[in-house]
Amino acid sequence: MGHHKHSFVGFLLLFLWSCLNSIGLGLVEGRCWGIEREALLAFKEGLTDHSNRLSSWIGQDCCKWAGVGCDNQTSHVIILNLRNPYAESDDPLILQIHSVGGTITPSLQYLKHLSYLDMSHNDFGGIQIPNFFGMLHNLEYLNLSFASFGGQIPPSLGNLSSLQYLDVAQFEEDIHVRDLHWLEGLSSLRHLNLGGVNLNATGERWIQAINKIPSLLELYLSGCQLAHLPLTLPFLNFSSLLTVDMSANNFNSTLPNWLYNLTKLQHLDLHLNAFNGVGLIHKQLGNLCNLQILDLSYNNFHGEIKYLLADFRGCWNTSLMWLQLSYNKFVGSLPNSLGELKNLQYLDVSNNNLTRSLPNSLATLRHLQHLDLSSNSFSGSIPESIGNLSSLRMLDLSDNIMNGTIPESFGQLLTLVEVRLNSPLDPVFPMDLDPTYNSWSGVFTEAHLINLTSLENIMLTIVSPSSLVFNVNNDWVPPFMLEEIHIENCLLSKFPAWLKSQSELTYVVLKNAGISDTIPEPWFSTQIKQLDLSNNKIKGRLPRTLASQNLSSIDLSSNLFDGPIPLWSTDAKVLYLQDNLFSGPIPENIGEHMPGLIELVISGNRLQGSIPSSLCKMKYLEILSLGSNRLSGELPDCWGQSQTFKVLDVANNSISGRVPRSLCFLRGLQFLLLSKNNFHGKIPTCSQNPSGLRSLDLAENRFSGKLPPSIAPNLKILRVGSNAITGKIPPELCIMKCVHILDLSNNNFSGVIPKCLNNLTMLVIGNTCPFSINPFSKFKQQANIMTKGTKLDYRGRTLEYVNNIDLSRNNLIGRIPEEITTIVALGILNLSMNHLSGSIPDTIGNMRWLESLDLSQNQLSGRIPASLSSLTSLSYLNLSYNNLTGKIPSGNQLETLNNPSIYEGNPLLCGFPLPKCPRDSTSTGSTSSDGVSSHKKNHDDNGNKDYDKMWLAVSIVTGFLVGFWGVCGSLALKKSWRHAFFGYVNQINEKILLWIELKVARYKRRHEEPNNLRY
């Protein structure tokens, strides 16, 4: 309240001073007019200034205050610059600390000579731009960008007829404009930036308003939610435009025709829209001869890229410097005409569908600094002429299908800073990617690197391991200082000794590089933040202390490290030590030494002892994986403190006791993996049960009692097999829409199979519920799934593709519900070793993706449904030891399932692959799959053959009689027809006789003439 009171008093004094000034008493004190000094002080009163940026605003001479500028002759305040001095900082906290905010008092309107006002990059908390700014008639420069203004931009700004520069760009506040007609009053405007201002309500009127500003040179409308772009204009009034930025809007059309008439245009940015087509582009872009920067990325342009590039010749060869076409649908190859863009400095055509080899003309682009051809289908090798790109700083050829050796001319790129020659870093199925991604080969030596004095980042990965060998001398000293190195699937054999000299390294990945060595000490830079040496054969013990205290991610997994887990004091966020030979206990106070860990994965080692309770003190911990060790004791009961915990994996150990109740309070828990331990007691029923739980694996323990009906409804994996659980299968399980692995096997469940299992949506329509765990995490769930008669280990992503229901080895009774056959996405169904009766459902052929079906050791009866042969994916079948009867159906996939053990224990079954049914060879006794005896079928077949012969004879005789009497009968009955017919026959007979006589006469004449000539 006091603050507003002081502001009011200051404004009142300012008003009185204005009155005195109007009668000639407003004298200049020092170099500052008093009324203007009081206006500034009143303005300061309304501001919040936490960093004391305005601490110099004291004394009489306001012209000496920070951010204030006065005219040298009149001493009037003409400049007020309160732009945040840390506006270019990447740290939002620093930016916030040095921001001013609060309210803007109307006292500023007394700065009547003000021509320059900059309040950009501050924080005014979403207040509206003051309406009285429109009264500062001498303003030529107004910058309010990124200052957290909101609401509607006041139309009064249209009164600033002298304004040349207007920037109100805001990207975090709700700021909007309903109409832009006020722009017509800005007759002197040269620069307009409305970036982030919602202009959607203006429809197509926005272009009409801007088209009335002939003085405009620069137009920025990025992120304005514009969707309407007229393709034509009746007249073009802003033809002097040099810069047009309409990026990040919702335009969905071809480029407008009027755009090609902006012949002075130097900078055109249309990225992040939905522009489409290519025809109009390549036909008219050649009009823009002054264009220097063109960005069409992140659109839907398509067609041959050579047509677009064709117009880049001619007058463009002296202007175009920046060409960004990434993330479109261009096809074809880069044409040789590309080499005519002599001034090109930046070229990015990544993430298109471009093919074929790189043109040699690329080497003529001597000014090219940035070349990104990644994520296309370029083939062939890197041209030897690559070394001619003498200005190149960034080269990215990743994610193509290139091959061959890396030429030594690569070492001539003296200015190269960053190079990326990688393939996909984490393919789902690596074995399928070898032929379709970069596959470099040969030897990479110091000759490739010796002249690269500016190199800072190198990324070289291939999918096919060891086809590229690094052969660099141990005593070689590089001429560069790396910051990042990523080498994956290339053969190094030993640690690169030359990396010891790289003191600026922050990122090191030497993954699956065939390193069979120990870690030399000291080796790593003290600046390193991320270290990945996984999938090698590195041995020995880890050092007790870390050389770098900046490490945030450490991955030493899948090596041969041994000894105890090191107790490092570090603020690292990720520690992967899984699949090594570590032994001994987990350090008791690990939680105090590594309090910032988010992921701790140390599974697959030889760790012993109990799980330390200090792990619960890691308040940021999300993933804890201790599986496949030799841990014992009980699980600590201290887990309720964490709200970020997502994964607890202690599977495959010797942990005993009951499941701690504190696990019920982990609201964010997604994976609870306790299988293959000695847990006992009842499965806990948590009233606070985390609904986000995705995987619950309690298999192979000693749990007893009933399965709680209130189990997590969003589960994808539920495994409680091999316990001692009793009771009926709760029908509440049917509400688990996302479950794709349901394992209740080897328990004491009784009753019938619930008919509602067809409500398991994911098993009916396929994968619809993806995991929400960090996709870059190296935690991989592992599960032992019974399939095709044996237990197989599934791990990581492959587990997501397993669709399994296993109810085997229980005491289930009743029929197999027909509803289960509607679960068409199911891959594995195991109902063996129960007491099921009745017949196999006739509709079982609907389960088209079924690969493994086990119904053995039940009491099933009746015939095997013929629809079973429709299961074309079926590769394992077990129907043994039931009471099935009749002939085994044949056809399709069943022809490949020829092991008699599939059907053994069913004495009334016959047919392939069992012995033939008795009547198949003797014409008596056996019965076909459709219930008709073989004797009867053979008799019917023979009878059918005789029947067919009889009808053939009848047809021939009937045809003859009809044809004969149809002609002869008519002639016998009709005299006129008879005379005509025989008259016609006589004529034909005479013609034939005449033709014969003529032929005979000609023949005689030919033979008589030669005889007469002899005499």
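Residues numbered from 1 in each chain as written. Predicted model: local features only at pLDDT ≥ 70, side-chain atom pairs only at ≥ 80, totals over all residues. Heavy atoms only, no water.

Observations concerning the overall build of the protein chain
- Counting its secondary structure elements, the protein chain contains 11 helices and 63 strands.
- In the protein chain, buried positions account for 49% of the 1015 residues. (Helix = DSSP H or I, 4+ residues; strand = E, 2+ residues; numbered from the N terminus. Buried < 20%, exposed > 50% of the residue type's maximum accessible area, 1.4 Å probe, protein only.)

A short note on the state of the cysteines
- Here the structure, examined in full by the defined rule, presents 5 disulfides.
- At a sulfur-sulfur separation of 1.8 Å, the disulfide partner of Cys616 is Cys638. Residues Cys616 and Cys638 are joined by a disulfide whose S-S torsion is about 55°; by sign, that bridge is right-handed. Of this pair, Cys616 sits in the loop between strand 40 (606-609) and strand 41 (623-625) while Cys638 sits in the loop between strand 42 (630-631) and strand 43 (647-649), placing them 22 residues apart in sequence.
- Judged by relative accessible area, Cys616 falls into the buried class, the value being 8%.
- Exposure remark for Cys638: the relative accessible area of 17% places this residue in the buried category.
- The disulfide bridge from Cys910 ends at Cys917, spanning 1.9 Å between sulfur atoms. Its torsion about the S-S bond being 85°, the disulfide of Cys910 and Cys917 is classed as right-handed.
- Residue Cys917 is classed as buried on the basis of its relative accessible area, which comes to 2%. (Disulfide = S-S within 2.5 Å.)

Brief notes about the pairing of strand 38 (residues 581-585)
- In terms of strand pairing, strand 36 (residues 560-563) meets strand 38 through 2 bridges, oriented parallel. Looking at strand 38, one finds that Gly563 is bridged to Phe582.
- Across 3 bridges, strand 38 lies against strand 40 in parallel orientation. In the sheet register, Ser583 faces strand 40, and the bridge partner there is Arg606. (Pairing = 2+ DSSP bridges.)

So, the environment of Phe582
- Positionally, Phe582 belongs in strand 38.
- Separated by 40 residues in the primary sequence, Phe582 and Leu542 have C-alpha atoms spaced 9.9 Å apart.
- Each residue touching Phe582, except ones within four places of it in the same chain, is listed here: Leu542, Phe561, Asp562, Gly563, Pro564, Ile565, Leu577, Asn605, Arg606 and Leu607. (Contact = heavy atoms within 4.5 Å.)

A few points about the pattern of salt bridges
- According to the stated counting rule, one finds 12 salt bridges in the structure shown.
- Two residues, Asp555 and Lys778, come together in a salt bridge whose shortest N-O distance is 2.9 Å. Here the residue Asp555 occupies a position in strand 35 (residues 553-555), and Lys778 occupies one in the loop between helix 8 (761-765) and strand 53 (782-787), the gap between them amounting to 223 residues.
- Two residues, Asp579 and Arg795, come together in a salt bridge whose shortest N-O distance is 3.3 Å. A residue pair is termed long-range when its members are at least 10 positions apart, and Asp579 in the loop between strand 37 (574-576) and strand 38 and Arg795 in strand 54 (residues 790-795) qualify at 216 residues.
- What makes Asp579 partly exposed here is its relative accessible area of 27%.
- Judged by its relative accessible area of 37%, Arg795 is partly exposed.
- Several salt bridges share partner residues, and in doing so they unite Asp697, Arg719 and Asp743 into one network. (Salt bridge = Lys/Arg side-chain N within 4 Å of Asp/Glu carboxyl O.)

What about the pairing of strand 19 (residues 329-332)?
- Of the two faces of strand 19, the one lined by Phe330 and Gly332 is fully buried and the one lined by Lys329 and Val331 carries no buried residue.
- Pairing geometry for strand 17 (residues 302-304) and strand 19, over 3 bridges, is parallel. Following the sheet pairing, His302 is matched in strand 19 by Lys329.
- Here 2 bridges tie strand 19 to strand 21 (residues 353-356), and the two strands are oriented parallel to one another. Across the sheet, Gly332 pairs through a bridge with Leu354, a residue of strand 21.

Quick word on the environment of Asn810
- With respect to the helices and strands, Asn810 occurs in the loop between strand 55 (804-806) and strand 56 (811-814).
- With sequence-adjacent residues up to four places away left out, Asn810 is seen in contact with Leu744, Ser745, Asn746, Asn747, Asn748, Phe749, Met833 and Asn834.

Observations regarding the side chain of His740
- Mapped onto the fold, His740 is located in the loop between strand 50 (724-728) and strand 51 (741-743).
- With a relative accessible area of 0%, His740 lands in the buried category.
- Not counting residues within four places of it along the chain, the set of residues in contact with His740 comprises Lys716, Ile717, Met762, Leu763, Leu799, Glu800, Val802, Asn803 and Asn804.

Comments concerning the sheet that holds strand 21
- With parallel pairing, 4 strands are arranged side by side in an open sheet as 17-19-21-23. Where the open sheet ends on each side, the last strands, each with one partner, are strand 17 and strand 23 (377-378).

Some remarks on a nonpolar patch on the surface
- A grouping of Leu272, Tyr298 and Tyr327 is seen on the molecular surface, where their side chains present a nonpolar patch of about 280 Å² in accessible area.
- Within the secondary structure, Tyr327 sits in the loop between strand 18 (322-324) and strand 19. (Patch = residues over 30% accessible without salt bridge, like charges linked within 9 Å, V, L, I, M, F, W, Y side chains within 5 Å. Areas by Shrake-Rupley, 256 points an atom, 1.4 Å probe, with all protein chains shown as cover.)

A word on the nonpolar core
- Core analysis: the biggest nonpolar cluster contains 244 residues, and Leu80, Phe133, Leu142, Ile153, Trp206, Leu877 and Tyr903 have the highest contact counts within it.
- Leaving out residues up to four positions away in the same chain, Leu877 has contacts with Leu853, Leu868, Leu894, Leu897, Ile902 and Tyr903. (Core = buried A, V, L, I, M, F, W, Y, C linked by side-chain atoms within 4.5 Å.)

Brief notes about the environment of Leu556
- The topology assignment puts Leu556 in the loop between strand 35 and strand 36.
- For Leu556, a relative accessible area of 3% corresponds to the buried category.
- Not counting residues up to four positions away in its chain, the partners in contact with Leu556 are Leu531, Leu533, Leu542, Phe561, Trp568, Tyr576, Leu577 and Asn580.

Here we look at unusual backbone geometry
- The omega angle of the peptide bond from Phe912 to Pro913 is 5°, so this bond is cis rather than trans.
- Inspection of the secondary structure puts Pro913 in the loop between strand 63 (908-910) and helix 9 (919-922).
- Positive phi outside glycine occurs at Met833, with the angle close to 60°.
- Within the secondary structure, Met833 is located in the loop between strand 57 (828-830) and strand 58 (835-838).

Looking at the sheet that holds strand 46 (residues 678-682)
- As summarised here, the arrangement of the 10 strands in space is 44-46-48-50-52-56-58-60-62-63, forming an open sheet in which the pairing is parallel. Either end of the sheet is taken by a strand with one partner, and the two such strands are strand 44 (656-657) and strand 63.

Remarks on helix 2 (residues 34-45)
- Over its 12 residues, helix 2 extends 17 Å from the first C-alpha to the last, a length consistent with the 16 Å expected when each residue adds 1.5 Å.
- Of the residues making up helix 2, those classed as buried are Gly34, Ile35, Glu36, Arg37, Ala39, Leu40, Ala42 and Phe43. (Expected span 1.5 Å × (residues − 1).)

Structural notes on the side chain of Ser350
- Take Ser350: it is sitting in the loop between strand 20 (346-348) and strand 21.
- Once residues lying within four places of it in the same chain are set aside, the contact partners of Ser350 are Ser326, Tyr327, Asp372, Leu373, Ser374, Ser375 and Asn376.

Focus: the packing of aromatic side chains
- Counted under the stated rule, the structure contains 23 aromatic pairs.
- Ring centres 6.5 Å apart and planes at 40° place the aromatic pair Phe43 and Trp57 in the tilted group. Here Trp57 lies in the loop between strand 3 (47-49) and strand 4 (68-70) and Phe43 lies in helix 2, a separation of 14 residues in the sequence.
- Each ring, one from Tyr141 and one from Tyr165, has its centre 4.3 Å from the other, and the planes form 15°; the classification is stacked. (Phe/Tyr/Trp six-rings, centres within 6.5 Å; stacked < 30°, edge-to-face > 60°.)

A word on the confidence of the model for the protein chain
- Here the protein chain averages 85 in pLDDT, and 83% of its residues register 70 or above.
- Ignoring residues within four places in sequence, the model shows residues 1009-1015, a span with pLDDT below 50, making 0 contacts including any to other chains. (pLDDT = per-residue confidence, 0-100.)

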